[in-house]
Amino acid sequence: MSYLKNKINTKVNYIEDWACFELEEVGSTNDEAKAMSKDDIDKLVVTAKRQLSGRGRRGHEWVSMEGNLFASFALKIDPRHIGVLSFIFSLSIFDMLKRFDSELDIKLKWPNDVLVYNRKISGILIEKGEGEYFIVGIGINIVNYPKNVNLKYDATCLKNINIQKDRNEILREYINILNRNLEQWKNFGFEKIKDNWLKNAKNLGQEIVVKFDNNEIKGIFIGVDENGYLLLEKNGQVEKIYAGDVFYI
Ligand code: BTN
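Residues numbered from 1 in each chain as written. Predicted model: local features only at pLDDT ≥ 70, side-chain atom pairs only at ≥ 80, totals over all residues. Heavy atoms only, no water.

Caption draft 1: Region of interest: the overall build of the protein. Across its full length, the protein holds five helices and 13 strands. In terms of C-alpha radius of gyration, the protein reaches 18 Å, essentially the compact-globule figure of 18 Å for 249 residues. Seen through its C-alpha atoms, the protein measures out along the principal axes to roughly 60 × 40 × 35 Å. Each of the 249 residues in the protein was classed as buried or not, and the buried ones make up 53%. The long-range share in the protein, meaning contacts at least 24 apart out of those at least 6 apart in sequence, stands at 62%. When the accessible surface of the protein is totalled, it reaches about 12,200 Å², and 45% of it is carbon and sulfur. (Helix = DSSP H or I, 4+ residues; strand = E, 2+ residues; numbered from the N terminus. Rg over C-alpha atoms; globule rule 2.2 N^0.38 Å. Buried < 20%, exposed > 50% of the residue type's maximum accessible area, 1.4 Å probe, protein only. Contact = heavy atoms within 4.5 Å. Areas by Shrake-Rupley, 256 points an atom, 1.4 Å probe, with all protein chains shown as cover.)

This is the structure in structure tokens:
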């Protein structure tokens, strides 16, 4: 039985051209979107009121507090362009927050975190779906955030910065901006998206540390290449970094 027939009671609600399914409780919305991508519906979004096993990049947990947004987008994309997704999706969060409050201090952190006043408000996890599908899971802290001192980065939420919106309003606004940025990329390529992202990147031109599982590398963050790899200059050489956790000095 197809996944959607199995979820026959789940009502689909269209936001622009995205088919949105809101579930009560899931393990991870990324897993649900992955399963749904078998049904071959391009531009599908799964959200959930409660997410019990939210995951983040590089095997981290995503602390999922009720009232926050957990949304996974399934879309078909040529795997050669996979690197652009994190820039499009994170820039769209940036643009949305600026639309809410143009005075906010918001910075983008490679590859796809959004920081407000130096605290993480949102994260993105990109995984492979069925066939040509990729799943982009976004978490946005709306009403609450983890306060555990062992977290890698301090966190915050929209309520903390006086933005009072609920999950549905945020999703609607986000999809509107996301579609605009996806269109821009399709029509004009990655360059403009990359420029806008870099304009708002934290610590461009400064020294950063990129940590991997067993080692780290320090250098000057000089940009990103056409595939979205981070460019780090060290002793006159430019290293291209595909994955890692960035820290600021
Ligand atoms: C990160 O910052 O490491 C990425 C966090 C991604 C969290 C979102 S919440 C919706 C989707 N479902 C998941 O299990 N993870 C992503």
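Having seen the model, we can carry on.
Caption draft 2: Structural detail: the environment of Gly-236. Within the secondary structure, Gly-236 sits in the loop between β11 (230-234) and β12 (237-241). Of the residues examined, Gly-236 reaches a relative accessible area of 69% and is grouped as exposed. When the C-alpha atoms of Gly-236 and Phe-87 are compared, they prove to be 27 Å apart, with 149 residues separating the residues in sequence.

Caption draft 3: Representation of the sheet that holds strand β6 (residues 113-116). Overall, mixed pairing links the eight strands, which are arranged β1-β2-β3-β4-β8-β7-β6-β5 in an open sheet. Edge strands, defined here as strands with exactly one partner in the open sheet, are β1 (12-15) and β5 (106-109). Each strand of the sheet is rotated relative to its neighbour by a mean of 25°, with strand direction disregarded. Set on the sheet, helix α2 (residues 29-36) makes contact with β2 (18-26), β3 (44-51), β4 (69-76), β7 (119-128) and β8 (133-140); between it and β3 the angle comes to about 145°. The strands touched by helix α3 (residues 82-100) are β4, β5, β6, β7 and β8; relative to β7, the strand with the most contacts, the crossing angle is about 150°. (Pairing = 2+ DSSP bridges. Axes fitted to C-alpha atoms, helices over the stretch in contact; angles between N-to-C directions.)

Caption draft 4: Representation of the site of the ligand within the structure. In the vicinity of the ligand, 20 residues are found, and the nearest of them are Ser-28, Gln-51, Arg-55, Arg-57 and Lys-120. Within the side chain of Thr-29, an N or O atom sits 3.2 Å from a nitrogen atom of the ligand. Within the side chain of Lys-120, one N or O atom sits 2.6 Å away from an oxygen atom of the ligand. Relative to its unbound accessible area of 420 Å², the ligand is 98% covered by the protein chains. At the level of elements, α2, β4, β7 and β8 are the ones that each hand at least two residues to the shell around the ligand. (Near = heavy atom within 4 Å. Polar contact = N/O pair within 3.5 Å; in protein donor to acceptor, adjacent residues only side chain to side chain.)

Caption draft 5: Spotlight on the nonpolar core. By size, the foremost hydrophobic cluster in this structure holds 58 residues, and its most contacted members are Phe-73, Phe-89, Leu-97 and Ile-138. Residue contributions to this core peak at eleven residues, all from α3. Among all residues touching Leu-97, those that are not within four sequence positions of it are Leu-104, Ile-106, Val-114, Val-116, Ile-121 and Leu-158. Membership of the second largest hydrophobic core comes to twelve residues, among which are Met-36, Leu-44, Val-46 and Ala-74. (Core = buried A, V, L, I, M, F, W, Y, C linked by side-chain atoms within 4.5 Å.)

Caption draft 6: Fine view of the pairing of β12. Of the strand pairs in this sheet, β11 and β12 are connected by five bridges, and their pairing is antiparallel. Pairing of Leu-232 across the sheet is with Glu-239, part of β12.

Caption draft 7: Fine view of empty space enclosed by the protein. According to the stated counting rule, one finds one cavity of 30 Å³ or more in the structure shown. Approximately 30 Å³ is the volume found for the largest cavity. Lining of the largest cavity is provided by Leu-108, Lys-109, Trp-110, Lys-202, Ile-208, Phe-221, Leu-230, Val-246 and Tyr-248. Those elements that provide at least two residues to the lining of the largest cavity are β5 and β13 (245-248). Class assignment for the residues of the lining of the largest cavity results in seven nonpolar, no polar and two charged. (1 Å grid on protein atoms, 1.4 Å probe; cavity = no way out; pocket = protein on both sides within 12 Å on 5 of 7 lines; lining within 4 Å. Points joined across faces, edges and corners; volume = space filled by probe spheres on them. Nonpolar A, V, L, I, M, F, W, Y, C, P; charged D, E, K, R; others polar.)

Caption draft 8: Region of the structure containing the side chain of Asn-112. Structurally, the position occupied by Asn-112 is in the loop between β5 and β6. Separated by 3.4 Å, the side chain of Asn-112 and the backbone oxygen of Ile-124 make a polar contact. When residues no more than four places from it in sequence are discounted, the contact partners of Asn-112 are Arg-57, Ser-86, Ser-90 and Ile-124.

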